[in-house]
Amino acid sequence: MELAERADALPNGPGVYLFKTAAGRVLYVGKAQNLRARVRSYLGGGDGRPHIPLLMDRSEDVDVIVTVSVKDALLLENELIKRHKPPFNVRLRDDKQYLALRLDPRETWPRLTQVRRFRRDGAAYFGPYTSSIAMRESVSNLRRIFPLRSCREAVFRDYARRGRPCIEYEMKRCLGPCCGLVSREAYDELVRGTTLFLRGRSGELSETLQERMRDAAAAERFEDAARLRNQIQAVARTVERQQMVTPQAIDRDVFALARRGGEIEVQALHVRDGRVMGTQGFGFSGVSLDDGDVMSSFLGQFYGAEEGREIPAEVLTPLPIEDDGALAALFEERSGRRIAMRAPKRGRLAQLLATAHANAELGLAQRLEARESVEAASAELQQALGLRRLPRHVEGYDVSTFAGTLSVASRVVFRDGQPSKADFRRYRIRDAAPDDDLACLREVLARRLARAESEPLPDLMLVDGGKGQLSVLCTALADAGLEADAIALAKERDTQSRSPRVRRSGGLKSERIFVPGRKDPVVLPASSRALLLLQRIRDESHRFAIEFQRELRSKAGLVSILEELPGIGPSKRRALLRELGSLRAVRSASLERLASVPGISARDAATLQRFFTALSLPGEAEADPQEGAPQ
Ligand code: SF4
């Protein structure tokens, strides 16, 4: 059936429509109060939005899902955008990580923790913070005023057992709940104060503190009154530093949008109690939707339930949102109150929008500049290494071996110079000998290339290492019958010590790039943008592999790690634990004692001891995967 015929047969109630290619790929997801009228408007040419001609050129089919209301359609639209990632929609990236503070009032002695995601789990979240420095500074100021405990549960229990508080108590940064040195009521007051402060409710907080100060003075609790006075002063000093933008103590989120062609930057300015508490920028590329559609889709996702963001009393946008009231209904349902949505053209609120807009322009300019620099680096790389394609999509691999016993590997993915964290992968080596770096790499690459159909190959594959690693990569590609540019990046080594040599040239290490078919490695100047890009990818893959290995080596994982050691299977592990009683005893046993366990050979004993010795070394002995690689 033709698209036009299908449109005529659609229901005229609310719902979601999906434009698709002939092969079924979803190109665009939209919502409508009247599905038939909306889909027809795409076909009739009456809708002048810029993305429509392009979308109609490629669309062969349209599906609809009927919903009870346009608000439900909005929720479903967000869900489908996340699932199908349609190229014509704007999508808040899943791997965008936020820095935020979490406070769970259900804990016995609540504390602030740093998190990277908002969740709807009953805890309170504050932020986002633009940098970890800004966040740490905020927490450190706050703990001087409201000294909540900072320790983890295990540390808390440890000090409670010892019966004396830690140094934080001496430094007056904690009131010592671990040892019963603070009453429940007093601690609860700290939690309340922290919450009000982080919510930006400084006015309410000051009033509460002043009332409590007066009560304390009236009851002749002068020490408490003095402490409260200090808190009031400290709050006032901190608040003074935050910029006041409106005289009304109202909470608002202000959104602005800057655009150059398909490049868009949306900026959010969070105003709490009339003061700017933070900003956030979101970049989108290749967007053909008009500004109104971008804003409407963005807001639906920004305040989506999974994001867990608080919806303030007022939301300001640069242009009116025309979505048949879907967003307003969603906001009302989520917050349980009416949320004012405005697009002011004059006055103080318009000035606030102008401030957000200036930030959006700045964010866009910086992003485009960074992209230009990445484009230049990619072009330089292509030219210097003779690559077939411009390396826009790069995968980097690293193997990490722990004392020759436990090997893991990582894959990182960079697109246009930016890490694409959702595509990062971690591998536990299954078959290769853990002390054989090249065999481990071979196994990981074979596993990766076996998925080439569902995960298309990148423009460039990079391995950390020298000629040996490069040869493994090229052979793996040839064995799989696949083609991609391949290189290896190695730090220059001292031939005597085999350790990376720090050749001072502008204070930077010299690096060698191995390319198939070239006898000598390519050495780019230390300041080359192309080299910096490769180093960033290599360092990220190294960091990611080490992080995985540390996780595996964490205490909880040690018993299972025993099984991963070469030659130590479940039966040997059981024998060790049965004979020696505990993991701790296995760890501290001598070589002879280990070898005396039935079923444990001298070689097994040596493996175990090497592993546990490395585990207890300060800084942990991480074998460099390039160690021993043919150069
Ligand atoms: S004093 Fe006790 S509760 Fe406070 S941070 Fe130290 S261990 Fe934790």
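Before reading on, note that the structure itself is shown above.
What counts as what
- Residues numbered from 1 in each chain as written.
- Predicted model: local features only at pLDDT ≥ 70, side-chain atom pairs only at ≥ 80, totals over all residues.
- Heavy atoms only, no water.
- Helix = DSSP H or I, 4+ residues; strand = E, 2+ residues; numbered from the N terminus.
- Buried < 20%, exposed > 50% of the residue type's maximum accessible area, 1.4 Å probe, protein only.
- Contact = heavy atoms within 4.5 Å.
- Areas by Shrake-Rupley, 256 points an atom, 1.4 Å probe, with all protein chains shown as cover.
- Salt bridge = Lys/Arg side-chain N within 4 Å of Asp/Glu carboxyl O.
- Arc of directions from axis to C-beta.
- Axes fitted to C-alpha atoms, helices over the stretch in contact; angles between N-to-C directions.
- Parallel < 35°, antiparallel > 145°, perpendicular 65-115°, else oblique.
- Left-handed = near helix turned anticlockwise from the far one by under 90°.
- Nonpolar A, V, L, I, M, F, W, Y, C, P; charged D, E, K, R; others polar.
- Core = buried A, V, L, I, M, F, W, Y, C linked by side-chain atoms within 4.5 Å.
- Pairing = 2+ DSSP bridges.

Colleague: Please explain the overall build of the protein as it appears in this structure.
Modeller: Scanning the protein from N- to C-terminus turns up 21 helices and 19 strands. Within the protein, the proportion of its 631 residues that are buried is 48%. In the protein, of all internal contacts separated by at least 6 residues, the share reaching a separation of at least 24 is 62%. Of the roughly 30700 Å² of accessible surface on the protein, a fraction of 49% belongs to carbon and sulfur atoms.

Colleague: Help me understand the pattern of salt bridges, please; the structure alone is not making it clear to me.
Modeller: Oppositely charged side chains may form a pair once their charged atoms are brought near each other. In total, this model carries 42 salt bridges according to the counting rule given. Arg161 serves as the salt-bridge partner of Asp158, at 3.3 Å between the closest nitrogen and oxygen. Taken together, the positions of Asp158 and Arg161, both in helix 6 (residues 153–162) and three residues apart, correspond to about one turn of that helix. By relative accessible area, Asp158 is classed as partly exposed at 27%.

Colleague: Please explain helix 18 (residues 570–580) as it appears in this structure.
Modeller: Since the α-helix packs 3.6 residues into each turn, any two residues three or four apart lie on the same face. For helix 18, the set of buried residues is Arg573, Ala575, Leu576 and Leu580. Summarising the axial view, the buried residues of helix 18 lie within an arc of 160°, below the 170-degree limit, and thus occupy one face. Downstream of helix 18 by one or two residues, Gly581 has phi in the positive range, about 95°.

Colleague: Whenever I open this one, the packing of helix 14 (residues 437–449) against helix 15 (residues 467–479) confuses me. Can you help?
Modeller: Each pair of packed helices gets described by two things: the angle between the helix axes and the distance between those axes. At a minimum axis distance of 9 Å, the contact between helix 14 and helix 15 shows a crossing angle of 30°. The angle between the axes of helix 14 and helix 15 places the two elements in the roughly parallel class. The way helix 14 lies across helix 15 gives a crossing that is right-handed. Taking contact as the criterion, the partners of Asp437, Leu438, Leu441, Arg442, Leu445 and Leu449 in helix 14 are, on helix 15, Gly468, Gln469, Val472, Leu473, Ala476 and Leu477. Tallied by class, residues from the contact of helix 14 with helix 15 come to eight nonpolar, two polar and two charged.

Colleague: Which parts of the structure should I look at to understand the environment of Ser407?
Modeller: On the secondary structure map, Ser407 appears in strand 13 (residues 406–415). Note: C-alpha distance between Ser407 and Asp437 (30 residues apart in sequence) is 8.2 Å. With residues up to four places along the chain from it excluded, the contact list for Ser407 reads Ser400, Thr401, Arg428, Ile429, Pro434 and Cys440.

Colleague: What is the right way to look at the nonpolar core in this model?
Modeller: Buried together is how nonpolar side chains tend to be arranged in soluble globular proteins. Core analysis: the largest hydrophobic core is formed by 43 residues, its most contacted members being Tyr17, Phe19, Phe255, Val266, Phe284 and Phe298. Per element, the largest residue contribution to this core is five residues, and it comes from helix 11 (residues 291–302). One finds Leu103, Leu196, Ile232 and Val235 within the second-largest nonpolar core, a separate group that totals 32 residues.

Colleague: Mind showing me how you'd approach the packing of helix 8 (residues 184–198) against helix 9 (residues 202–218) here?
Modeller: Interhelical geometry of helix 8 versus helix 9 gives an angle of 150° and a closest axis separation of 9 Å. The orientation of helix 8 with respect to helix 9, classified from their angle, is roughly antiparallel. Contacts between helix 8 and helix 9 involve Glu189, Gly193, Leu196 and Phe197 from the first element and Glu204, Leu205, Thr208 and Arg212 from the second. Here the contact of helix 8 with helix 9 is built from residues that sort into three nonpolar, two polar and three charged.

Colleague: Looking at this structure, how should I read the sheet that holds strand 2 (residues 26–32)?
Modeller: Within a beta sheet, neighbouring strands are joined by backbone hydrogen bonds and run either parallel or antiparallel to one another. Ordered by their spatial adjacency, three strands build an open sheet running 2-1-3, and the pairing between neighbours is antiparallel. Lying at the two open borders of the sheet, with one neighbouring strand each, are strand 2 and strand 3 (61–66). Each neighbouring strand pair of the sheet contributes to a mean axis angle of 20°, computed without reference to strand direction. The sheet contact formed by strand 1 (residues 15–20) and strand 3 spans six bridges and is antiparallel. Bridging across to strand 3, Val16 finds its partner in Ile65. Each of strand 1, strand 2 and strand 3 touches helix 2 (residues 35–44); the most contacted strand, strand 1, lies at about 30° to it. Here helix 4 (residues 70–84) sits on the sheet and contacts strand 1, strand 2 and strand 3; the angle it forms with strand 2, its principal contact strand, is near 165°.

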